[in-house]
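Below, each chain spelled out in residue letters.
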Protein chains: 4
Amino acid sequence: MSSTTTGPAARVFSSDNAAGGSPEIVEAMAAVAAGPALPYGADECTAAAESRLSEIFERDVDVLLVSTGTAANALSLAALTPPWGSVLCHRDSHINNDECGAPEFYTAGAKLVPLGGDDARIDPEQLRAAARHKAGDVHSVEPSVVSVTQATETGAVYTLDEIRTLGSITEEAGLRLHMDGARFAGAVAALGCTPAELTWRAGVDLLSFGATKNGTMTADAIVVFDRSLTSELAFRAKRAGQLTSKMRFQAAQLDAYLRDDLWLRNAAHANAMAARLQEGLKAVPGVELLGTADVNILFCRLPRRITEALLAEGYTFYHDRWEPGVVRFVTSFATTERDVDHLVRSVVRHAA
Amino acid sequence: MSSTTTGPAARVFSSDNAAGGSPEIVEAMAAVAAGPALPYGADECTAAAESRLSEIFERDVDVLLVSTGTAANALSLAALTPPWGSVLCHRDSHINNDECGAPEFYTAGAKLVPLGGDDARIDPEQLRAAARHKAGDVHSVEPSVVSVTQATETGAVYTLDEIRTLGSITEEAGLRLHMDGARFAGAVAALGCTPAELTWRAGVDLLSFGATKNGTMTADAIVVFDRSLTSELAFRAKRAGQLTSKMRFQAAQLDAYLRDDLWLRNAAHANAMAARLQEGLKAVPGVELLGTADVNILFCRLPRRITEALLAEGYTFYHDRWEPGVVRFVTSFATTERDVDHLVRSVVRHAA
Amino acid sequence: MSSTTTGPAARVFSSDNAAGGSPEIVEAMAAVAAGPALPYGADECTAAAESRLSEIFERDVDVLLVSTGTAANALSLAALTPPWGSVLCHRDSHINNDECGAPEFYTAGAKLVPLGGDDARIDPEQLRAAARHKAGDVHSVEPSVVSVTQATETGAVYTLDEIRTLGSITEEAGLRLHMDGARFAGAVAALGCTPAELTWRAGVDLLSFGATKNGTMTADAIVVFDRSLTSELAFRAKRAGQLTSKMRFQAAQLDAYLRDDLWLRNAAHANAMAARLQEGLKAVPGVELLGTADVNILFCRLPRRITEALLAEGYTFYHDRWEPGVVRFVTSFATTERDVDHLVRSVVRHAA
Amino acid sequence: MSSTTTGPAARVFSSDNAAGGSPEIVEAMAAVAAGPALPYGADECTAAAESRLSEIFERDVDVLLVSTGTAANALSLAALTPPWGSVLCHRDSHINNDECGAPEFYTAGAKLVPLGGDDARIDPEQLRAAARHKAGDVHSVEPSVVSVTQATETGAVYTLDEIRTLGSITEEAGLRLHMDGARFAGAVAALGCTPAELTWRAGVDLLSFGATKNGTMTADAIVVFDRSLTSELAFRAKRAGQLTSKMRFQAAQLDAYLRDDLWLRNAAHANAMAARLQEGLKAVPGVELLGTADVNILFCRLPRRITEALLAEGYTFYHDRWEPGVVRFVTSFATTERDVDHLVRSVVRHAA
């Protein structure tokens with residue numbers, strides 16, 4: 001699955017966005033490069049990608065292709081909250097910490113209200129309270145939309161029941177529901193439920209359908225379940241510089257990504273690599289596993305000398321960013337068993 | 001140069017954005033797909049593209065890769081005007097008519113002040129007046145930045161002297177200068193002057209360096225001459241969802257585009273195809289050529305029955321959009337002599 | 001009506017905003033100063049002002065008190081257009097020229113599309129074309145709201161039929177209608193029709209009900225005919241810093257302004273003073289009257305030496321702002337016959 | 001000092017914004033109502049108010065008159081942070097909770113970062129960490145401005161040393177400093193230090209100089225210490241609909257407010273009334289005083305039956321808003337000893 005099966009093992013565990021493109025996707029993109037095509041999404045490739053997503057989600061959906069997950073999130077939120085609204089999200093969410101205020105920019109100044117909960121999952125009781133907080137009071141921003149990340153930023157997944165619970169609370173309070181699916185494929189692969197169950201059947205209005213971390217190169221998408229929002233999203237996307245003229249090149253990526261379950265196979269592989277890593281590290285003296293690696297992210301606590309030894313070997317990964325001594329390993333569709341085993345052996349060796 | 005040299009001639013003259021990807025560029029993108037790379041522009045490919053641009057512009061420049069020309073324009077303008085400022089531009093400019101208010105969005109509400117002038121070129125006297133209009137008066141937006149399109153939306157080019165004149169007026173009034181170079185390559189190819197002369201040596205602060213219309217697939221760029229703006233642009237780009245994680249894939253396109261003068265060769269070819277079309281049509285009875293096809297855009301007035309006959313043959317081009325009877329033909333790097341000759345023969349036949 | 005009936009005649013004809021407060025209004029404001037009152041518009045005074053406006057407009061209306069006409073206009077427009085919409089207005093309108101981009105700020109970047117027409121009145125045919133221009137095309141801003149100024153910035157009024165025509169065009173195209181009534185009282189006084197006929201019966205959704213130029217001190221209002229917009233306007237007003245805590249002080253001004261037809265008496269007086277000035281100047285050799293002084297604004301062309309002589313006498317008025325040689329005189333509720341006659345005599349004397 | 005010295009005692013302790021206008025201020029406003037004046041702050045009254053503020057702050061300052069404290073805060077913050085910046089403030093601050101996102105609106109989407117600390121005072125250590133947090137990282141908003149409220153929303157004051165400490169931390173990190181002085185007069189009166197010491201000498205760049213809660217009716221101000229910001233603020237204020245034409249009416253209020261130390265006398269009186277209330281309640285069985293009433297706000301815990309009995313008597317005050325059982329009493333310049341004593345007697349009676 002990875003092109004690095006020979007030569008030295010890859011030592012990049014910093015992020016799944018350090019991976020390249022899935023070979024099938026690269027090929028598909030090159031295949032549509034010749035000859036003219038209608039611009040701005042009127043081409044056949046875009047229609048095919050949309051059709052595939054409708055099939056996968058078991059209903060008609062609209063699709064907007066965008067260039068980044070940040071754009072997918074911010075555009076979605078802008079369609080779901082007025083400028084005087086608030087976005088209820090986890091305090092550790094990507095939209096709250098890692099997008100440089102993109103949601104605030106796209107929404108014309110809505111406010112993110114950070115909530116707590118384990119493993120970057122929103123606590124239902126906190127949501128229940130926040131969803132009604134000062135509703136209708138002009139002195140305060142109006143609770144408008146809930147944004148959940150599935151899988152979460154720490155690699156956990158909400159169970160289907162948990163998503164349904166959040167969906168119910170959201171609906172009862174009259175709010176809208178957005179899902180940041182930067183690692184949506186990983187969640188589906190981990191849970192074994194259908195994409196439909198995890199989204200619109202649980203009340204999700206708009207899904208940021210992340211593809212870049214799992215195999216595409218320059219393409220992400222918004223999947224629109226509430227199709228009354230499509231026209232607004234189209235204007236907003238153009239206005240944000242997100243409407244590409246040669247859209248076939250993004251569409252071809254997405255189409256190949258969805259074909260023959262490549263998206264799920266890639267995600268399952270990445271998840272499996274994290275599980276393999278977890279398995280390999282669990283018995284190493286001095287290594288403390290943290291949380292659960294539901295998808296392709298593994299947190300653990302390492303003695304400093306191991307961390308330093310790994311860095312000296314050329315390994316890349318985040319460390320001491322969340323807490324002193326805590327490191328994060330991220331696998332991807334391109335990570336090989338050999339890469340994982342090599343890392344495990346290094347840890348074992350340094351732990352000795 | 002085009003992949004459609006056999007089979008039926010291509011009949012797409014609607015826009016250069018209907019073309020695919022230049023083969024060298026497609027290949028280059030595929031070539032960087034395997035293996036890990038640092039994300040967000042810290043990769044070698046991005047450094048290479050930046051280095052090439054510094055060479056081409058004969059000085060150190062900074063570069064921001066973006067996904068569309070609209071994003072390049074809107075981001076640039078946001079860095080050059082405060083929200084209470086005005087953008088002086090031609091009334092036929094792309095930023096004024098074809099970006100759904102992207103400049104207003106990115107600038108947080110600055111105002112575009114449309115000016116006149118032949119062939120979508122800003123009239124210097126109108127600019128001189130507008131550049132001082134109500135300056136310093138809080139009741140009115142503050143003249144802040146001039147945006148010129150080179151080549152223009154109607155396919156004309158500013159001469160080097162004309163650009164220098166606009167640059168002088170801009171500088172004397174204390175304003176900033178942006179160039180929308182959606183067809184910058186075409187202008188350089190047409191004028192035979194250096195990229196440096198046409199830009200920073202004439203006072204340009206930021207250049208939207210268009211590549212998509214001339215061979216890339218999902219990559220455009222901002223070339224930063226006033227490097228004091230780079231940090232601001234970087235924050236703005238991230239916040240706009242324009243900072244891609246796998247930037248190598250855009251950078252590889254740009255790098256190939258700039259290698260071995262591909263960008264200039266592509267543009268010269270597109271220009272030559274428009275000239276060939278002009279030459280072919282000039283003697284056809286009933287056909288009236290309009291303006292000059294300095295680059296790859298040709299306007300002419302056609303009898304309605306010719307327009308309709310061409311459409312019936314499957315030709316695509318804009319007509320009756322600017323004025324009844326006026327049609328626009330756009331060539332591209334992928335247009336072949338055969339395509340042009342085929343079109344000319346059709347016109348001749350229908351004119352008989 | 002003015003407090004300057006003795007002493008030297010007032011020589012201020014620059015703008016009706018140079019006048020002070022109507023004595024009845026000053027008194028009313030002082031009268032509510034003692035004792036506590038509920039803040040943010042929950043007081044009796046605010047209810048009274050709203051009730052009076054409902055009576056005057058012959059239907060239930062909602063009211064937002066604001067501190068300036070610019071705020072009234074910009075807030076109204078923000079409720080009537082999405083950020084990707086356009087505001088169709090006259091090119092000489094206050095919102096287009098004199099508000100430093102307030103509509104762009106409040107609407108989060110909507111675009112003002114300037115139209116032509118005599119005396120700052122929108123030409124119906126131009127409106128008809130603009131109202132459909134590129135509707136539904138994501139590349140262009142979406143026609144969303146029409147803004148008419150009644151009376152216009154040059155002192156003309158739309159007849160009732162003219163307003164109805166614009167209202168019909170607006171409605172047929174599915175757009176919304178805003179009226180900038182900075183001098184609404186003057187228009188009602190001039191036309192002799194009812195406030196209802198001039199506004200909601202003709203399709204107006206929101207009215208900027210100007211009061212400051214006609215007697216109040218720190219109070220203007222938005223009159224809401226489409227009450228589905230009230231909640232949004234309330235949030236927007238708070239967010240814009242326009243929701244005053246001690247609202248009784250604005251409400252008391254408005255209440256007094258509307259009591260016993262003071263608003264219409266003030267406006268009729270100002271109109272009469274402009275008519276008196278017109279009458280006095282019409283036969284003066286060298287003076288050319290321009291347009292019609294439907295309300296309290298009179299444009300004329302004066303020989304330069306007269307203009308200079310008047311300025312030397314201490315008169316204040318705008319000159320050479322629209323065209324060389326053109327001056328504008330504005331009267332107000334506070335202008336006296338004596339003030340006008342004094343000005344006429346000066347012109348006559350300098351013309352000799 | 002209050003006009004309600006006869007008749008029933010006032011029972012309004014909900015907020016200082018429920019008070020009316022100070023008689024001297026009402027009188028001053030009425031006194032400037034007659035005759036013409038230059039608009040938009042070019043009048044003598046505005047110059048006089050600015051001059052008084054320069055005197056009070058012992059240096060040249062610029063002044064912007066605005067209609068609300070929310071506008072003062074939001075405009076100030078917009079001048080001190082770019083859209084991609086963050087505003088470090090206390091989590092209980094007015095800007096964070098009670099302005100419906102006005103700072104986000106005016107700044108075009110900057111982010112408020114809430115910090116902790118006792119009595120709504122920012123904890124210096126938390127500030128120190130936040131001021132450097134991810135600085136320069138484009139993935140995150142950039143720490144840009146610190147906003148402190150003096151006196152705080154809970155009625156506490158920062159000591160001069162505390163303000164200086166926050167000022168030092170702010171300056172060392174290269175950030176700007178804003179002070180929300182909605183109750184600035186109360187803080188000055190409580191601390192006995194000079195306005196200069198409390199502000200620019202400690203590093204404050206812009207001060208929201210609150211006047212409405214302490215005696216004016218429709219006037220607040222921004223005091224500009226960093227005068228390089230004045231031009232930007234003027235454009236922003238106009239654009240926000242905050243530049244009033246008849247500015248003399250706001251200026252007259254401010255001028256009277258500052259004359260003969262009225263502002264300090266009013267504040268000292270309000271503070272004294274809160275102290276008197278505290279003294280009266282401290283020995284009442286079942287009543288628990290909370291925090292310190294440094295200025296005119298007193299928090300305490302009351303048995304429910306007392307709260308209900310007071311409400312039944314017609315008293316207005318906030319209760320059960322922060323915590324069940326917690327009530328807030330606010331006094332003002334208009335509160336009399338009789339009002340306070342009457343309230344104390346009621347509490348004593350109900351506690352029996």
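Bear in mind the structure is a predicted one, so any value in this text is a computation, not a measurement.

Caption draft 1: Inspection of the domain arrangement of chain A at higher detail. Residues and elements named next belong to chain A. Parsing chain A into structural domains produces domain 1 (9–20 + 263–351) and domain 2 (23–262). A straight line from the C-alpha centre of domain 1 to that of domain 2 covers 27 Å. Summed over both partners, the interface of domain 1 with domain 2 buries about 2,000 Å², with 56% contributed by carbon and sulfur atoms. In this structure, the connection of domain 1 to domain 2 is made through one salt bridge. Of the charged contacts, one joins Asp16 and Arg183 as a salt bridge, the two residues approaching to 2.8 Å between their closest N and O atoms.

Caption draft 2: Layout of the side chain of A:Thr212. Locating A:Thr212 in the fold gives a position in the loop between strand S6 (206–209) and strand S7 (220–224). Judged by relative accessible area, A:Thr212 falls into the buried class, the value being 7%. Side-chain polar atoms of A:Thr212 contact the backbone oxygen of A:Ala219, separated by 3.4 Å. Those residues in contact with A:Thr212 that lie beyond four places of it in its chain are A:Met217, A:Ala219, A:Asp220, B:Ser245 and B:Lys246.

Caption draft 3: Region of interest: the nonpolar core. Residues C:Phe57, C:Phe209, C:Leu254, D:Phe57, D:Phe209 and D:Leu254 are the most contacted members of the largest nonpolar core, which totals 128 residues. Those residues in contact with D:Phe209 that lie beyond four places of it in its chain are D:Leu53, D:Phe57, D:Gly181, D:Phe184, D:Asp220, D:Ala221, D:Val223, D:Leu254, D:Tyr257, D:Leu258 and D:Trp263. Within the second largest apolar cluster, 123 residues are counted, among which are B:Cys45, B:Ile56, B:Leu160 and B:Phe184.

Caption draft 4: Geometry of a negative patch on the surface. Residue and element names in this part refer to chain A. There is a patch of like negative charges on the surface, built from Glu24, Glu27, Asp260 and Asp261. Within the secondary structure layout, Asp261 lies in the loop between helix H11 (248–258) and helix H12 (262–281). With relative accessibility at 43%, the residue Asp261 sits in the partly exposed group.

Caption draft 5: The arrangement of the relation of the copies chain A and chain D in detail. For the pair chain A and chain D, the best superposition has an RMSD of 0.0 Å and corresponds to a rotation of 180° with a translation of 0.0 Å parallel to the axis. What the superposition gives is, in effect, a two-fold axis relating one chain to the other. In terms of C-alpha distance to the rotation axis, chain A has A:Gly109 as its closest residue, with the C-alpha 2.2 Å off the axis. When the interface residues of chain A are mapped onto chain D, 100% of them again fall at the interface, so both copies present the same face.

Caption draft 6: Region of the structure containing empty space enclosed by the protein. All names here are of chain C. On inspection of all chains with the given rule, the structure shows 13 cavities of 30 Å³ or more. In this structure, the largest cavity encloses a volume near 290 Å³. Listed by contribution, the elements that provide at least two residues to the lining of the largest cavity are helix H3 (69–80), strand S5 (176–181) and strand S6 (206–209). Sort the elements by how many residues they give to the lining of the largest cavity and H3 lands first, with four residues.

Caption draft 7: Spotlight on the pattern of salt bridges. Following the criterion strictly, the structure yields 91 salt bridges over all chains and no others. The salt bridge involving A:Lys111 is made with D:Glu104; its shortest N-O contact spans 2.9 Å. Pair noted here: A:Lys111 is in strand S3 (residues 111–115) and D:Glu104 is in helix H5 (residues 102–106), and the two residues belong to different chains. Per residue, the accessibility class of A:Lys111 equals that of D:Glu104, and both read buried. A salt bridge links D:Arg128 to D:Glu125; its shortest N-O distance comes to 3.4 Å. Taken together, the residues span about one helical turn, with D:Arg128 and D:Glu125 both in helix H6 (residues 124–132) at a distance of three residues. Each of A:Arg11, A:Glu313 and A:Arg349 takes part in one network of salt bridges that share partners.

Caption draft 8: Region of interest: helix H13 (residues 304–312) of chain D. All names here are of chain D. Buried within H13 we find Ile306, Thr307, Ala309 and Leu310. All buried residues of H13 fall inside an arc of 165° around its axis, so they share one side. Where H13 is buried, its residues touch strand S10 (318–319), strand S11 (326–330) and helix H14 (337–351). Gly314 sits one or two residues past H13 and shows a positive phi near 100°.

Caption draft 9: Representation of the sheet that holds strand S2 (residues 85–90) of chain C in the model. All names here are of chain C. Spatially, the seven strands line up as an open sheet ordered S1-S7-S6-S5-S4-S2-S3, and their pairing is mixed. This sheet does not close on itself; its edge strands, each paired only once, are strand S1 (62–66) and strand S3 (111–115). Taking each pair of neighbouring strands and ignoring which way they run, the sheet shows an average axis angle of 25°. Relative to strand S4 (residues 142–149), S2 is paired through five bridges, and the arrangement is parallel. Counted as the bridge partner of Val87 is Val145 from S4. Packed on one face of the sheet, helix H10 (residues 230–239) meets S1, S6 and strand S7 (220–224) and runs near 15° to S1.

Reading guide: rules and limits
Residues numbered from 1 in each chain as written. Chains lettered and ligands numbered in written order. Predicted model: local features only at pLDDT ≥ 70, side-chain atom pairs only at ≥ 80, totals over all residues. Heavy atoms only, no water. Domains from an automatic or database assignment. Buried area = accessible area lost by both parts, 1.4 Å probe. Salt bridge = Lys/Arg side-chain N within 4 Å of Asp/Glu carboxyl O. Helix = DSSP H or I, 4+ residues; strand = E, 2+ residues; numbered from the N terminus. Buried < 20%, exposed > 50% of the residue type's maximum accessible area, 1.4 Å probe, protein only. Polar contact = N/O pair within 3.5 Å; in protein donor to acceptor, adjacent residues only side chain to side chain. Contact = heavy atoms within 4.5 Å. Core = buried A, V, L, I, M, F, W, Y, C linked by side-chain atoms within 4.5 Å. Patch = residues over 30% accessible without salt bridge, like charges linked within 9 Å, V, L, I, M, F, W, Y side chains within 5 Å. Areas by Shrake-Rupley, 256 points an atom, 1.4 Å probe, with all protein chains shown as cover. Lys, Arg positive; Asp, Glu negative; His and termini not counted. Charge placed at Lys NZ, Arg CZ, Asp CG, Glu CD. Least-squares fit on C-alpha atoms with pLDDT ≥ 70 in both. 1 Å grid on protein atoms, 1.4 Å probe; cavity = no way out; pocket = protein on both sides within 12 Å on 5 of 7 lines; lining within 4 Å. Points joined across faces, edges and corners; volume = space filled by probe spheres on them. Arc of directions from axis to C-beta. Pairing = 2+ DSSP bridges. Axes fitted to C-alpha atoms, helices over the stretch in contact; angles between N-to-C directions.

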